[in-house]
Each structure stands twice: as C-alpha cells, then as structure tokens.
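Understanding the architecture of this molecule
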Amino acid sequence: MSPPVSKIVRKVVENEEEVIRELGALIEKLSNEYINERGRFNIGLSGSMIKFVCSGLPSIKTTWEKWSLFFCDERHVSFTDDDSTYRLYREGLVGNTPLTEEQFVIINPDLDVAAAAKDYEEKLRGSFPDSEWPSFDLLLLGMGPDGHTASLFPGHELLEEKSIWIAAISDSPKPPPCRVTMTFPVINNAKCCVFAMAGQGKADMVKRILGDGEALPSGMVKPVRGELIWILDKAAASKL
C-alpha cells in the first residue's frame, strides 16, 4: 500500500490561457525558492506539457543559469525526429529564454533503448550523488487518453518496477514503441508533481482519475513527502 500523500491541490481555472499562466507562476515560485535555498533547480519535463511550458516560461523571472532540465520520459528517436521531446523543448525554449542546450540532461539516442535507459540513469545518478532515489524539485507530468503518465501504461509490468530509476520500454502501446521513462519510485520521490491540462477531451479521464479514483497510472502519482497539484481548466474539470 502506498504511503499517504502529504498534500494534494486541485486548481480549476477558466481556460487554457489561465492554465498556462497558473503553471508559469508555480514554476517561477518553486524555481526561485529552491535556487534561494540551495543554488539550483531541477525540473523534469514531459511531452504533453510542451505547449504550456514553452508558452509560459518566457515571461517568468528566475535565475535561469541555475536550472537543470531532465525528462520524465523520452522517445527513443533521433533528435532530428519530430517525436523527440528534447527537440521540441529545445526549439521552444532555447532562444526564447536564457536557457542553453547544455542545461538539458538528455538521452543518447545512438544507443539501443536498454542501453539508453541505463545511460540516462547514470546521468541522473551523477546529478543526485549518494541518493537511493533522486528528489526532483518539480516534475511536470502528462495524462494520456488511456490514463498513462510518463511512459508508464495501464497493465504494463513497469508499473511494478521498484529497483531502477530509469526503465526502457520497447512495446509502448502508443508510438513510437521504444522509450525510456522514470519509474514510480522516482516520480513519487519528487518534492512536487504537477498535472496541467485543458479541454473537454480530458474531462472523462480526469473524472476517472480524480473523481472515481480508478487505479490507472496517472492516479498512481502519489509523492510520498511532496505535493501533488492538478491544474485544470473548467472544460477538463467539467465532469468532476
């Protein structure tokens, strides 16, 4: 049985523009708190958050050079591929904010997917030395139409993975099939996990996760010592 979540916050705002503004304000607040506290800010990114993040971050005030950006999951494709999450964030943030390519901690797509996952875990271990599990300041998570989050899909054996930080998946039900993903012990050790979404198309799954408590991967995000925040517009929250 999972340990209790210390704090859950649900914020419902008017529309997508307000979701972007609310998320940007939260990222600004947390980045400045952690930079003031210990001189750095570690954030994990997800593909479904690209629009919100790349729209909202250019207007925030933060000490950008203190940021390190990781990926909650990544598609195992070339960085020239349209499916590359890193490529899309690089195009959206580098040049539009003071962030540089060197601040992104990225996979090596030239390795096979299993080796890429091991390599990415080693990169994380270099950023979180002497840690049983890393403790990210903030993880931005998406929720798929089947309730998946990161590349952790309903019914998949990786939902039960408890020994490694980063796992390879080669049978993703959503293309592309090969990905690397953070595991739940990593996700649930974060100081703050955030879901942000907008639109009527999210309403059914939001109800299943938040309203009905269905045991789907997005509902398994339960930070053991951190905060869980859902930022929804009225349309996404309309069935709660």
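First, a word on what this report is: a plain description of the structure on this page.

The rules we used
Residues numbered from 1 in each chain as written. Predicted model: local features only at pLDDT ≥ 70, side-chain atom pairs only at ≥ 80, totals over all residues. Heavy atoms only, no water. Helix = DSSP H or I, 4+ residues; strand = E, 2+ residues; numbered from the N terminus. Rg over C-alpha atoms; globule rule 2.2 N^0.38 Å. Buried < 20%, exposed > 50% of the residue type's maximum accessible area, 1.4 Å probe, protein only. Contact = heavy atoms within 4.5 Å. Lys, Arg positive; Asp, Glu negative; His and termini not counted. Charge placed at Lys NZ, Arg CZ, Asp CG, Glu CD. Pairing = 2+ DSSP bridges. Axes fitted to C-alpha atoms, helices over the stretch in contact; angles between N-to-C directions. Core = buried A, V, L, I, M, F, W, Y, C linked by side-chain atoms within 4.5 Å. 1 Å grid on protein atoms, 1.4 Å probe; cavity = no way out; pocket = protein on both sides within 12 Å on 5 of 7 lines; lining within 4 Å. Points joined across faces, edges and corners; volume = space filled by probe spheres on them. Nonpolar A, V, L, I, M, F, W, Y, C, P; charged D, E, K, R; others polar.

Here we look at the overall build of the protein
Secondary structure summary: the protein contains 6 helices and 9 strands in total. Against the 2.2 N^0.38 benchmark of 18 Å for 240 residues, the protein shows a C-alpha radius of gyration of 17 Å, consistent with a compact globule. Summarising its shape, the C-alpha atoms of the protein cover approximately 45 × 40 × 35 Å along the three principal directions. Taking all 240 residues of the protein together, the buried fraction comes to 51%. For the protein, the proportion of contacts with a sequence separation of at least 24, taken over those separated by at least 6, is 76%. Averaging the coordinates of the 27 positive side-chain charges in the protein and doing the same for the 35 negative ones gives two points 5 Å apart.

A look at the sheet that holds strand E2 (residues 41-45)
On the basis of which strands lie adjacent, the open sheet formed by 6 strands has the order E1-E9-E8-E5-E2-E3 and parallel pairing. Two strands bound the open sheet, and with one partner strand each, they are strand E1 (7-13) and strand E3 (67-71). The average undirected angle you get between the axes of adjacent strands in this sheet is 20 degrees. Judged from the 3 bridges that link them, strand E5 (residues 138-141) and strand E8 (residues 192-197) form a sheet pairing that is parallel. Its bridge partner lying in E8, Leu140 is registered against Val194. Lying on the sheet, helix H1 (residues 16-38) is in contact with E1, E2, E3, E5, E8 and strand E9 (227-233); it crosses E9 at an angle near 155 degrees.

With respect to the nonpolar core
In this structure, Leu23, Ile27, Trp67, Tyr89, Leu140, Ile187 and Val194 are the most contacted members of the largest nonpolar core, which totals 80 residues. Here Val194 is in contact with Leu23, Leu26, Met49, Leu138, Leu139, Leu140, Leu141, Ile229 and Ile231, once residues within four sequence places are set aside.

Digging into the layout of surface pockets
For the second largest pocket, the calculated volume is near 190 Å³. As for the second largest pocket, its lining consists of 16 residues, of which Gly47, Ser48, His148, Ala150 and Lys174 are closest to the centre. When its residues are assigned to classes, the lining of the second largest pocket shows 3 nonpolar, 8 polar and 5 charged.

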